[in-house]
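Overview (structure and organization)
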Amino acid sequence: MLQYLRIQNLALLEATALEFTTGFIAITGETGAGKSVLLGALSLLSGSRADKTLIRQGCESCVIEAGLLFADTTHIDALLESLALPACEDGALLLRRTLSRSKLPQITVNGTLTTLANLQILGEHWIDFHGPGEPQKLFKEKSQLTLLDSFARIDKPLAQFREGYGQWRSLLKQADDLRSQDRLDADELEFIKRQVEAIDRATLSEESVEALERDYHRLSKSQELVALSSRLENGLTGDDGIADKLGPLLANARDLAGIDDSAAELARRLEALVIEANDLAGEYAEVARRSDFDEDSIAKLNDRMNQWMEIKRKYGPSIHQVMAKREALANKLAIQGDVEGTLQRLEEEASVFKAQLVKQAATLRHKRAAAATDLSKKTGQIINSLGFKKARLSIEIVPEEDLREHGDCSCRFLFAANAGQELLPLNKIASSGEIARVMLALKAVLAAVDETPVLVFDEADANVGGEIARVVGQELAGLGKRHQVFCVTHLPQVAGLAASHFLVSKEQTTDTTTVAIAPLHQDKSARLEELARMLGDRTSKSALSHAEELLLNG
């Protein structure tokens, strides 16, 4: 849930810091008071795009911060890891977004800078907005199918189907490409064959290329290597070398050890030094020998290096790229050598995939049909409680002519508000009030399968009133048992049912306009006054009495 929110210099709001609890939270205020500022702050934290006009006039920047608390962070931590962001600490997800007039905007998640795209991905997992534009989504059959699939809980089989569908389409494309491409003539086939053979003759591998490049480097430095190695060998064991000078010294050391036993260890160390000098000289001689290439070795090494350089120039700088190209050329040869056979193989594989997909699609269709019956029944019951006593909602499963990415069927939501009326697609319904209540009913039913913790409703009670408004409030309160629900409302029947209540107010002077957001649920008299205002008169005794009755029955 959203535990705290801090807003500074956003639109008309100078600064506020708010703490929230679970359940249903009402946002109220006079028309034009600036209730959209709170929703705008949440929208910015969910990754919506913004410009500098949102910054309060006369200020350099605006800042929005939020802290979300998760009882179980397994899912959100896995998402954060995929985005290369720090995991939650003590269940807290910390978001911060800054807009500036003169500097680049900044976004941090758990203290680490990140991108707007990452903020949008996170937003999809912690908050869901249901505003005036939401019914437009419900008009689209793709969105309707998404709602039905969520209710049917078919995420895993649908993902499996989509993976197989992608492989099937890939096989069909390969077959189509093969049918449409030009056949290679004998000369072209021979040319490709020679390319493959040239790569194969080089007998390339990671180890062989590494050894080749190492030996070639030594060859280019061979004269210098031989000279240095010989100089070191002579310095150690040649005439007037270290070993030559150490010989007399070693004889003296042995004589000293014969006189004084305590010098025996020193003599042994000097003897070891003589032995080490001779060993070093031998090893330097070996280095010189290995570096002294004969003409035949030099020619072979140069040929191999030239061969490798030519292959790299044609097919890529790395052994992996070269071998990938080799496989592609060999595959092309194999295909061209047996076009009909390859086509048959691709078609057979595609046929097997399609048979599996047909079965999977049928399973998806059956589950959708069962879910459609259940969803339409439960949604219809809520719609009836919202004032449509004879309303009917039906979800029709629509077969597709061919397999699609979502299966072999789509769906269509049909609605009739009154008895005797024909069921019509939702986009044929003219009444915005009807659509708003259908959407609310669907959201109430789908809440059981919706894992998004924070739901935001912008005037979900539009175009309703009286007893129906009370039912709308009850549905929102019901959603609040499983989610944290924010609702901007103008109806006291709805606000009176909220567990928490925040008032947005606007103050104006001759020079300035400011917006403030304050909690009312901690001050009963202030909340009663606001409910009375919403009823028509904040000073009326009857309005105040009615407001208290709304709270008592909430």
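First, a word on what this report is: a plain description of the structure on this page. (Residues numbered from 1 in each chain as written. Predicted model: local features only at pLDDT ≥ 70, side-chain atom pairs only at ≥ 80, totals over all residues. Heavy atoms only, no water.)

**A short note on the overall build of the protein**
- Of regular secondary structure, the protein possesses 19 helices and 15 strands.
- For a compact globule of 554 residues, the expected C-alpha radius of gyration is about 24 Å, and the protein comes in at 40 Å, more than 25% above that figure.
- In terms of overall dimensions, the protein has C-alpha extents of about 125 × 80 × 50 Å along its principal axes.
- Long-range pairs, those at least 24 residues apart, make up 70% of the contacts in the protein between residues at least 6 apart in sequence.
- Carbon and sulfur atoms form 50% of the exposed surface of the protein, whose accessible area is close to 30400 Å².
- Charge-centre separation for the protein: the mean point of 65 positive side chains lies 8 Å from the mean point of 82 negative side chains. (Helix = DSSP H or I, 4+ residues; strand = E, 2+ residues; numbered from the N terminus. Rg over C-alpha atoms; globule rule 2.2 N^0.38 Å. Contact = heavy atoms within 4.5 Å. Areas by Shrake-Rupley, 256 points an atom, 1.4 Å probe, with all protein chains shown as cover. Lys, Arg positive; Asp, Glu negative; His and termini not counted. Charge placed at Lys NZ, Arg CZ, Asp CG, Glu CD.)

**Here we look at unusual backbone geometry**
- With a phi close to 55 degrees, Ala11 is a non-glycine residue in the positive phi region.
- Here Ala11 is to be found in the loop between strand S1 (2–10) and strand S2 (13–19).
- Taking relative accessible area as the criterion, Ala11 reaches 32% and is therefore assigned partly exposed.
- Even without glycine at this site, Ala84 takes up a positive phi of about 60 degrees.
- Mapping Ala84 onto the fold places it in the loop between helix H2 (74–82) and strand S5 (92–100).
- Residue Ala84 is classed as exposed on the basis of its relative accessible area of 66%. (Buried < 20%, exposed > 50% of the residue type's maximum accessible area, 1.4 Å probe, protein only.)

**Points about the sheet that holds strand S11 (residues 424–425)**
- Across the sheet, three strands lie side by side as S9-S10-S11; this open sheet has antiparallel pairing. Looking along the sheet, the strands with just one partner apiece sit at the ends: strand S9 (392–404) and S11.
- Summarising the sheet, S9 and strand S10 (residues 407–416) pair through nine bridges and their orientation is antiparallel. By the bridge assignment for S10, Val398 is matched with Ser410.
- Running at roughly 30 degrees to S9, helix H6 (residues 155–180) makes contact with S9 and S10 of the sheet. (Pairing = 2+ DSSP bridges. Axes fitted to C-alpha atoms, helices over the stretch in contact; angles between N-to-C directions.)

**Observations regarding the pairing of strand S6 (residues 106–109)**
- Here four bridges tie S5 to S6, and the two strands are oriented antiparallel to one another. If you follow Arg97 over to S6, its bridge partner there is Ile107.
- Taken together, S5 and the strand that follows it, S6, pair antiparallel across an intervening segment of five residues.
- When S6 meets strand S7 (residues 112–113), the two strands line up antiparallel, connected through two bridges. Within the sheet, the bridge partner assigned to Val109 lies in S7 and is Thr112.
- Turn length for the S6-S7 hairpin, with the two strands adjacent in sequence and antiparallel, is two residues, and the turn residue Asn110 shows positive phi of about 50 degrees.

**Considering H6**
- Over its 26 residues, H6 extends 37 Å from the first C-alpha to the last, a length consistent with the 38 Å expected when each residue adds 1.5 Å.
- Those residues of H6 lying buried are Leu158, Phe161, Gly164, Tyr165, Trp168, Leu171, Ala175 and Leu178. (Expected span 1.5 Å × (residues − 1).)

**Overview of the packing of aromatic side chains**
- Taken as a whole, this structure holds four aromatic pairs when the rule is applied.
- A centroid spacing of 6.1 Å and a plane angle of 25 degrees characterise the contact between Phe161 and Tyr165, whose relative ring orientation is stacked. Taken together, the residues span about one helical turn, with Phe161 and Tyr165 both in helix H6 at a distance of four residues.
- For Tyr165, a relative accessible area of 14% corresponds to the buried category.
- In textbook terms, an aromatic cluster arises when at least three aromatic residues are bridged by ring pairs, as seen for Phe20, Phe486 and Phe502.
- A cation over a ring is seen here: Arg169 above Trp168, with NZ or CZ 5.7 Å from the ring centre. (Phe/Tyr/Trp six-rings, centres within 6.5 Å; stacked < 30°, edge-to-face > 60°. Lys NZ or Arg CZ within 6 Å of the ring centre and 35° of its normal.)

**Some points on the nonpolar core**
- Residues Leu375, Phe413, Phe415 and Leu476 are the most contacted members of the largest nonpolar core, which totals 70 residues.
- Sort the elements by how many residues they give to this core and helix H14 (residues 339–385) lands first, with twelve residues.
- Not counting residues up to four positions away in its chain, the partners in contact with Phe413 are Leu138, Gln144, Leu147, Leu375, Ser394, Ile395, Leu424, Pro425, Leu426 and Leu442.
- Counting 48 residues, the second largest nonpolar core, distinct from the first, contains Leu2, Phe70, Leu119 and Val504. (Core = buried A, V, L, I, M, F, W, Y, C linked by side-chain atoms within 4.5 Å.)

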